[in-house]
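Survey of secondary and tertiary structure
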Amino acid sequence: MLQMADPFVLITPTYADGEGRGAVHKQVIRFLNDAANRNLLRGVIASGNRNFGAFFAHAGTIIAAKCSCPCLYKFELAGTETDIARVRQGLDLFWKQQH
Amino acid sequence: MTLHSAIQPVAKAVNWNRLQDDKDLEIWNRLTSNFWLPEKVPLSNDVQSWASLTPEEQQLTIRVFTGLTLLDTIQNTVGAPALMADAITPHEEAVLTNIAFMEAVHARSYSSVFSTLCRTAEVDDAFRWSEENEFLQAKSRLILEEYNATSSPLKKKIASVFLESFLFYSGFYLPMHWSSRAKLTNTADLIRLIIRDEAVHGYYIGYKFQRSLERLPETERKEIKDFAFALLFDLYDLEIKYTEELYDPLGLTEDVKHFLHYNANKALQNLGFEGLFPEAICQVNPAIMASLSPNADENHDFFSGSGSSYVIGKAVATEDEDWDF
């Protein structure tokens, strides 16, 4: 399994059903079940689909709540160019603020 | 004569404990846990709201829903069954039977709306209209041509994803619009259930498309991609005309077009392709977005500083059991 050595921001898809269940993918659960990985998690960015209404990119909400880290951004499917630019800029700033 | 004919393949039982593609079970579970019927939605609470619409608005709504019924009917009776023949795994076939049946539920739901809110004669008129509307018929024809048994499996999937992830949205716009004005809110709840299902359908069929496409040589991949964009252009032309005819009287056409561009790009992403329409013309009215995903928009851009929500709560150490979803 992937072992993180430095602080990181997790980007994850969402697989929730209509009630928001199962939003976090099993591989992500396994990865974050590792306390060492979890301790290095600084934030989460989630993708999803607005068709799921209130549960759009719900994995970000759940991980942020469970790991007490911010959900930094949510985007749809593979994201748009604007999403990519915002995440790049946002992450630059975010890491500067972390130091 | 032997019992085993040389021509007939052995009949095989589907074994869900031997998966070739984990995605099949994942989507099966997702779809079955999302199962619903229109009786679950209290449509009769919209009776008063319906009466507040003008006769023109009522007629538009019935027509839009009839157009949606037609697409669901096609997907139920032709589209999803046509994909079954191309299924790679037996589990994929089973998932497609669920998709086919839910399309029947969707088509049936519009009739629940009609019987709750509308007069029979108005509805009969709209069904006649759907058979006579040239744009609705033309887009149905384009899709049905690709569902033909002789069409390539990949082209069928492209048509299917465009139906599920693009063509519905000229219709879905209207109940989202009413809902943003606090009208027909229960009907909008029902439509949101349909929208949710279509997202899974578009994703799954798009996923299967991508798995098949990646096995082809580069030249064939390019040919398939060209076909997809050409079909999208043809459908888009028809959608624009259909949209203008329906929404011009309410002055909503330009607003609907943004929603169409936005959804066309999402349909292409489901197929693994880049979006076609630049973001400047995909700026969906925020009221429609909010109606589509209530509560989802409040706090998803922490970077911009606009998110109100991120409050570092009481820190509670995460236990491993917490992750036992």
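Below, the structure is looked at part by part. None of the values given here were measured: they were computed from a predicted structure.

The next point concerns the interface of chain B and chain A. Each partner contributes to the interface: chain B provides 37 residues, whereas chain A provides 43 residues. Taken together, the two surfaces of chain B and chain A that pack against each other cover about 3400 Å², and 54% of this comes from carbon and sulfur. On inspection of chain B and its partner chain A, the count reaches one salt bridge. K266(B) serves as the salt-bridge partner of E76(A), at 2.6 Å between the closest nitrogen and oxygen. At the boundary of chain B and chain A, one finds 15 residue pairs in polar contact (both at pLDDT 80 or more). Among the secondary structure elements, those contributing two or more residues to the side of chain B that touches chain A are helix 1 (22-33), helix 9 (185-213), helix 11 (253-270) and helix 12 (286-292) of chain B. Split by residue class, the side of chain B that touches chain A holds 17 nonpolar, eight polar and 12 charged.

Attention now goes to the packing of aromatic side chains. All names here are of chain B. By the definition in use, this model includes 16 aromatic pairs over all chains. With 5.9 Å between their ring centres and 45° between their planes, F229 and F273 make a pair best called tilted. Pair noted here: F229 is in helix 10 (residues 218-247) and F273 is in the loop between helix 11 and helix 12, with a separation of 44 residues, a long-range link. Here F229 matches F273 in class, with each residue buried. Clustering of aromatic rings is evident, with ring pairs tying together F168, Y169, F172, Y173, Y247, F259 and Y262. In this arrangement the basic side chain of K155 is found over the ring face of F227, its NZ or CZ atom lying 4.8 Å from the centre.

Calculation criteria
- Residues numbered from 1 in each chain as written.
- Chains lettered and ligands numbered in written order.
- Predicted model: local features only at pLDDT ≥ 70, side-chain atom pairs only at ≥ 80, totals over all residues.
- Heavy atoms only, no water.
- Contact = heavy atoms within 4.5 Å.
- Buried area = accessible area lost by both parts, 1.4 Å probe.
- Salt bridge = Lys/Arg side-chain N within 4 Å of Asp/Glu carboxyl O.
- Polar contact = N/O pair within 3.5 Å; in protein donor to acceptor, adjacent residues only side chain to side chain.
- Helix = DSSP H or I, 4+ residues; strand = E, 2+ residues; numbered from the N terminus.
- Nonpolar A, V, L, I, M, F, W, Y, C, P; charged D, E, K, R; others polar.
- Phe/Tyr/Trp six-rings, centres within 6.5 Å; stacked < 30°, edge-to-face > 60°.
- Buried < 20%, exposed > 50% of the residue type's maximum accessible area, 1.4 Å probe, protein only.
- Lys NZ or Arg CZ within 6 Å of the ring centre and 35° of its normal.

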